[in-house]
Amino acid sequence: MMPIRTTDKPFKITKKQVYEAYKAVKSNQGAAGVDKETIEQFEANLRGNLYKLWNRMSSGSYFPPPVRAVSIPKKSGGERILGVPTVADRVAQTVVKQLIEPDLDPIFLADSYGYRPGKSALDAIGVTRERCWKYNWVLEFDIKGLFDNIDHELLLRAVRKHVKCIWALLYIERWLKAPMELEDGTRVERICGTPQGGVVSPILSNLFMHYTFDLWMARTFPELPWCRYADDGLVHCRVEHEAEVVKAALQARLAECHLEMHPTKTKIVYCKDGKRKGKYPNVKFDFLGYCFRPRLVRNLRDNRLFCSFNPAVSPSALKSMRAKIRELGLRRRTELSLAELAHRMNPLLRGWINYYGRYAPSALAPLLRYVNQTLQAWARRKFKRFKAHKIRVSQFLQKLSRQNANLFVHWRLGMTGTFA
């Protein structure tokens, strides 16, 4: 008779899976959850914490703690509530995400771009630009509070269809039910939604929208191209009436799935250019930080200017980036050297230029001008000889940008902007 191994666990989760998940969480950093434990504090007893998590997950006794409610400002105004899990819970969610993603991602359609490996927001911008040249009209839609309003029953129906791992299903259900803890300690039970801020939430929302919109769109309007990034989407149409029909049908479809189309962020836009005539109220839209509108561009063959419907960094994105620079408070940090200023600013500048510089990089000029103005204000406070001489400090930085171009990212790329 075989002896009974009391150490066997009902769920086969390896310690390597938990460790690989932890490495992914560490690389993404993130804030502390309701237990106020940071990644650094979690690492102080890394072996013990990971063992405890593995032990509970593989025995089925792991129950996620509440997520911590964190308010962040929206670019369009107002606030968005994130649900921040604890570090340990982020590791647990990553274990499940890394298990289910290889099976779920292949079922998603090509024009679903959000939170997917091998796809990016810039890919969505590129394909949208080409389609705006081919189609006269676009329906820009936004889903009001997608992450907060996903129907649990409908979501779990889709999850059970594609996820066959018993323990993954068990923990997904528990994460959906985990309450949210507000700043005053009040706990709010959740009957719908998956917290924005959770590791597993993006892939769950993609699965929900795969059935709610993607497959529905391919079935109902197969001749019309579309693009979706999480809760933001576009449908390209041939005539205005077609866009109105799609909008009404989509509104009804979302209502069937207990979602609501955002009333002010949804609109029908005419993709006006040099050949498309006529006056219409909406000839521009914002998508993923880019503003699509009629713009003068230069024909590379004959060097002539012509009007084309093209993307460039949006005014709201520029405003957000300037606010981020202001938050650094560098103008008054006269104890810092110019190299230290560059060390703080360059990661931000590099990311912004890589993203917003892909299309119409010249539209970044107002941001680069603001960066240089920040450097001027810093120099006038730090050096007495520049205090009352705007022109002199401007000339100093202009010369420095030529002699030491590697100091700041935009200098290195020749995007020095103006120092006036």
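Each remark here, short or long, concerns the structure printed above.
Nothing here was measured: the structure is a model prediction, and the numbers come from that model.

The secondary structure content of the chain amounts to 15 helices and eleven strands. For the C-alpha atoms alone, the extent of the chain along its principal axes is close to 90 × 60 × 40 Å. When the 420 residues of the chain are sorted by exposure, 48% land in the buried category. Summarising the internal contacts of the chain: among those between residues at least 6 apart in sequence, 69% fall at separations of at least 24. Of the roughly 22000 Å² of accessible surface on the chain, 53% is carried by carbon and sulfur atoms.

Moving on, we get to the sheet that holds strand 5 (residues 187–188). In spatial order, the strands read 2-1-4-5; together these four strands make up an open sheet with mixed pairing. With one partner strand each, in any of the chains shown, strand 2 (79–84) and strand 5 form the two edges of the open sheet. Of the pairings in the sheet, the one linking strand 1 (residues 67–73) to strand 2 comprises six bridges and is antiparallel in character. From the neighbouring strand, Ala69 faces strand 2, where its bridge partner is Gly83.

We now examine the nonpolar core. Among the nonpolar cores identified, the biggest contains 62 residues, and Met57, Val96, Ile100, Trp167, Phe213, Met217 and Val235 are the most heavily contacted of them. Counting residues per element, this core draws most heavily on helix 9 (residues 201–220), at eight residues. Setting aside residues up to four positions removed in sequence, Met217 forms contacts with Pro222, Leu224, Trp226, Val235 and Val246. Formed by 52 residues, the second largest nonpolar core is a distinct cluster that contains Ala124, Ile125, Val269 and Ile353.

This part is about the sheet that holds strand 3 (residues 137–142). Pairing is antiparallel across the open sheet formed by four strands, whose spatial order is 6-7-3-8. Across the chains shown, the open sheet's two edge strands, defined by having one partner strand only, are strand 6 (226–229) and strand 8 (267–270). Averaged over all neighbouring strand pairs, the angle between strand axes comes to 20°, with direction disregarded. As paired elements, strand 3 and strand 8 share four bridges and run antiparallel to each other. When the sheet's bridge partners are listed, Trp137 is paired in strand 8 with Tyr270.

Running from amino to carboxyl end, helix 4 (residues 87–104) crosses helix 8 (residues 166–177) at an angle of 135°, the nearest separation of the two axes being 10 Å. Here helix 4 is positioned oblique relative to helix 8, judged by the angle of their axes. Helix 4 and helix 8 meet at a crossing whose hand is left-handed. For the pair helix 4 and helix 8, the contacting residues are Asp89, Ala92, Gln93, Val95, Val96, Leu99 and Ile100 in the first and Trp167, Ala168, Tyr171, Ile172 and Trp175 in the second. Each residue belonging to the contact of helix 4 with helix 8 can be placed in one class, and the counts come to ten nonpolar, one polar and one charged.

When strand 10 (residues 290–298) meets strand 11 (residues 305–313), the two strands line up antiparallel, connected through nine bridges. The partner of Leu296 across the bridge, within strand 11, is Cys307. Where strand 10 hands over to strand 11, the hairpin turn is made up of six residues, of which Asn303 adopts a positive phi near 65°.

Turning to the packing of aromatic side chains, a few remarks are in order. A full pass over the atoms with the stated rule returns 20 aromatic pairs. Geometrically, the ring pair formed by Phe213 and Trp226 is edge-to-face, given 5.3 Å between the ring centres and 85° between the ring planes. Here Phe213, found in helix 9, pairs with Trp226, found in strand 6; they are 13 residues apart in sequence, far enough to count as distant. The exposure classification of Phe213 matches that of Trp226, with both residues buried. Measuring from ring centre to ring centre gives 5.9 Å for Trp378 and Phe383, while their planes differ by 90°; the resulting arrangement is edge-to-face. Residue classification places Phe383 among the partly exposed positions, given a relative accessible area of 23%. Through a chain of ring-to-ring contacts, three or more aromatic side chains come together here, namely Tyr290, Tyr355, Tyr356 and Tyr359. Here the guanidinium or amino end of Lys119 rests over the ring plane of Tyr113, the centre of that ring lying 4.6 Å away. When the ring centre of Phe63 is taken as origin, the NZ or CZ atom of Arg174, which lies over that ring, is 3.7 Å away.

Rules of the game
Along each chain, residues carry numbers from 1 onward, in the same order as the chain's sequence is written. Restriction of local features to residues with pLDDT of at least 70 applies here, the model being predicted, together with a cutoff of 80 or more for giving and counting side-chain atom pairs; totals for whole chains, interfaces and linings are based on all residues. Note that the side-chain values use all heavy atoms of the structure and ignore hydrogens as well as water. The secondary structure listing takes helices from DSSP runs of H or I that are at least 4 residues long and strands from runs of E that are at least 2 residues long, numbered from the N terminus. Burial status follows relative accessibility: with a 1.4 Å probe on protein chains alone, a residue under 20% of its type maximum counts as buried, one over 50% as exposed, and anything between as partly exposed. Working rule for contacts: check all heavy atoms of both residues, and any pair within 4.5 Å makes them a contact. All accessibility values rest on the Shrake-Rupley procedure with a 1.4 Å probe; residue burial counts only the protein chains present in the view. The rule for pairing is simple: two strands pair if DSSP sees at least two bridges between them. Note on terminology: a nonpolar core comprises buried Ala, Val, Leu, Ile, Met, Phe, Trp, Tyr and Cys residues joined through side-chain atoms within 4.5 Å. Angles shown run from 0 to 180 degrees and are taken between the N-to-C directions of axes, each axis being a line fitted to C-alpha atoms and, for helices, limited to the stretch in contact. Here is the rule for angles: anything less than 35 degrees is roughly parallel, anything more than 145 is roughly antiparallel, 65 through 115 is roughly perpendicular, and the remaining ranges are oblique. For a crossing to be left-handed, the near helix must be turned anticlockwise from the far one by less than a right angle; the clockwise case is right-handed. Put simply, Ala, Val, Leu, Ile, Met, Phe, Trp, Tyr, Cys and Pro go in the nonpolar bin, Asp, Glu, Lys and Arg in the charged bin, and everything else, Gly too, in the polar bin. Between 30 and 60 degrees the pair is tilted, below 30 it is stacked and above 60 it is edge-to-face, where a pair is any two Phe, Tyr or Trp rings, Trp via its six-membered ring, whose centres lie within 6.5 Å. We call a charge positioned over a ring when the NZ of a Lys or the CZ of an Arg lies within 6 Å of the ring centre and within 35 degrees of the ring normal.

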